[in-house]
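# Notes for the structure review
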Amino acid sequence: MYTILQYDLNIFSVFLLVALFILVNYKHHKSDLTQRLFKGIIVMTILMLVFEIFSWLFDGEEGDLNYFLNYFFNFMLTAFSIVVASLWASYIDYMVYGDFNRLKKRMFYSHPAIILMLMTIVNIFVPFMFEITDQNVYTRLPFIWTGVVLSSVIYGFILSMIIIKRKDLNSEILFAIMLFLVLPIIASVLQLTHFGLLLIWPATGLALVFTYLIFETTSSSIDYLTGAYTRRKVDERIKIHLNRGKHFTVIMMDIDDFKEINDEYGHRAGDKVLIEVTSVLKKVF
């Protein structure tokens with residue numbers, strides 16, 4: 001019973017993410033690249049939670065098999081610890097730019113993951129990240145921080161991208177992205193400075209759930225480009241006022257010569273006009 005309670009946060013997170021994966025599949029029948037990347041992040045986080053449980057389960061146990069399993073799961077946990085960050089960076093990049101070729105050129109931000117994998121393989125022969133003692137006890141070595149450092153580099157790059165493109169993103173999307181950046185980093189620092197805490201992957205799972213809830217809520221009520229209410233949200237508001245017998249006014253607006261703006265300057269310029277007009281309307285109303 002104690003063993004189960006020791007990993008209760010990880011076990012709960014696994015069940016939560018499995019439920020989230022089923023929900024994403026159920027609600028989104030057509031799977032585009034963003035959905036595939038998001039599902040990939042969920043699956044990889046589940047695997048990391050499982051690896052983490054087993055990396056502790058065999059630690060300190062006697063026998064050659066326990067020694068092998070202890071090393072194997074710690075190897076997997078270390079080698080693949082940065083894959084979630086790479087997938088997340090790809091997910092955000094595609095949301096911001098919508099360019100598959102751009103992602104291909106960046107190899108889906110897999111360079112740090114490849115570096116960490118190679119380092120973990122070298123660690124088998126020359127331990128510098130972790131080692132398993134003759135007593136089958138996992139021991140951290142100085143370069144164990146490599147995964148966190150490389151993940152932070154990826155998150156830092158994504159953060160700079162978001163800052164540059166912040167005018168093209170509404171506040172709800174920005175909040176969801178920042179939430180995913182902050183929670184895992186705080187958990188990583190706590191876990192690496194307090195040996196025995198299992199926080200990194202449960203925090204990542206929690207961030208995923210929050211992110212999906214924000215994106216899902218935003219997609220149905222807030223226009224992704226401008227941050228204005230969608231037609232569905234407006235219709236809901238009108239029905240509420242009608243049911244309550246309230247007097248209200250609906251104003252229909254049009255942007256003069258908007259087609260000419262798109263034709264002459266391109267759709268990106270047209271998008272900027274829509275964003276600016278919406279910004280003005282928000283200030284006025």
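Described below are features of the structure shown in this document. (Residues numbered from 1 in each chain as written. Predicted model: local features only at pLDDT ≥ 70, side-chain atom pairs only at ≥ 80, totals over all residues. Heavy atoms only, no water.)

## Digging into the packing of helix α7 (residues 111-125) against helix α8 (residues 146-164)
To describe two helices that pack against each other, one gives the angle between their axes and the distance between the axes. Under the convention used in this document: To obtain each axis, a line is fitted to C-alpha atoms, and for helices this fit is confined to the stretch in contact; angles are then taken between N-to-C directions over 0 to 180 degrees. For the purposes of this entry, the term helix denotes a DSSP run of H or I that reaches at least four residues, the term strand denotes a run of E that reaches at least two, and both are numbered from the N terminus. Note that the term roughly parallel is reserved for angles under 35 degrees, roughly antiparallel for angles over 145, roughly perpendicular for angles of 65 to 115, and oblique for everything else. Note on definitions: a residue-residue contact is assigned when non-hydrogen atoms from the two residues lie within 4.5 Å. Under the grouping applied here, Gly and all other residues not named as nonpolar or charged are polar, the nonpolar ones being Ala, Val, Leu, Ile, Met, Phe, Trp, Tyr, Cys and Pro and the charged ones Asp, Glu, Lys and Arg.
Relative orientation of the contacting elements α7 and α8 amounts to 170°, with a least axis distance of 10 Å. With respect to their mutual orientation, α7 and α8 come out roughly antiparallel. In this structure, α7 uses P112, I115, L116 and M119 to contact α8, whose residues at the interface are T146, G147, L150 and I154. Across the contact of α7 with α8, the residue classes tally to six nonpolar, two polar and no charged.

## A word on the pattern of salt bridges
Our working definition: We define a salt bridge as a contact between a side-chain nitrogen of Lys or Arg and a carboxyl oxygen of Asp or Glu at a distance within 4 Å. Only protein chains enter the calculation, and the probe is 1.4 Å; a residue is then buried if its accessible area is under 20% of its type maximum, exposed if over 50%, and partly exposed in between.
What the rule picks out here adds up to three salt bridges. For D235, the salt bridge identified is with R231, shortest N-O distance 3.2 Å. Of the two residues, D235 and R231 both sit in helix α11 (residues 231-243), four residues apart, roughly one turn of that helix. Among the residues examined, D235 registers a relative accessible area of 29% and is labelled partly exposed. Here K259 makes a salt bridge to D263, at a shortest N to O gap of 2.8 Å.

## Notes on the nonpolar core
Basically, it comes down to this: For the purposes of this section, nonpolar cores are sets of buried Ala, Val, Leu, Ile, Met, Phe, Trp, Tyr and Cys residues that join through side-chain atoms within 4.5 Å.
Membership of the largest hydrophobic core comes to 63 residues, with the highest contact counts inside it found for L20 and Y91. No other element matches helix α3 (residues 33-57), which puts ten residues into this core. Those residues within four positions of Y91 in sequence are excluded, and the remaining contacts are T34, L37, F38, I41 and F215.

## Observations regarding a nonpolar patch on the surface
Condition: To count toward a patch, a residue needs a relative accessible area over 30% and no salt bridge; like charges are then connected within 9 Å, while nonpolar side chains (Val, Leu, Ile, Met, Phe, Trp, Tyr) are connected within 5 Å. Reported accessibility uses the Shrake-Rupley method at a 1.4 Å probe radius. Residues are deemed covered only where the shown protein chains occlude them.
Side chains of M107, I114, L118, I121, V122, I124, F125 and V126 sit close together on the surface and give an oily, nonpolar patch of about 740 Å² of accessible area. Tracing the chain through its elements places M107 in the loop between α6 (100-105) and α7.

## Quick look at the side chain of N123
Quick reminder of the rule: By the criterion applied in these results, polar contacts are pairs of N or O atoms within 3.5 Å in which, for protein atoms, one can donate a hydrogen and the other can accept it, and in which residues neighboring in sequence qualify only through two side-chain atoms.
Residue position: N123 is located in helix α7. Its relative accessible area of 0% is what places N123 among the buried residues. Engagement of the side chain of N123 in a polar contact is seen with the backbone oxygen of F130, the distance being 3.0 Å. In this view, N123 contacts Y71, F128, M129 and F130; residues no more than four positions away in its chain are not counted.

## Notes on unusual backbone geometry
Of note in the backbone geometry, N136 takes a positive phi value of approximately 60° without being a glycine. Structurally, N136 can be placed in the loop between β1 (130-132) and β2 (138-140). Residue classification places N136 among the buried positions, given a relative accessible area of 3%. Positioned with a positive phi, D257 is a non-glycine residue whose angle comes to about 60°. Tracing the backbone shows D257 in the loop between α11 and α12 (258-265). When its relative accessible area of 51% is taken as the criterion, D257 is described as exposed.

## Brief notes about the packing of aromatic side chains
Note the cut-off: Ring pairs shown here join Phe, Tyr and Trp side chains whose ring centres sit within 6.5 Å, with only the six-membered ring taken for Trp; geometry is labelled stacked below 30 degrees between planes, edge-to-face above 60, and tilted in between.
All chains considered together, the criterion is met by 14 aromatic pairs. Their ring planes at 45° and their centres at 5.5 Å tell us that F38 and Y91 sit as a pair that is tilted. Highlighted residues: F38 in helix α3 and Y91 in helix α5 (residues 83-97), separated in sequence by 53 residues. You'll find F38 and Y91 in the same group, each marked buried.

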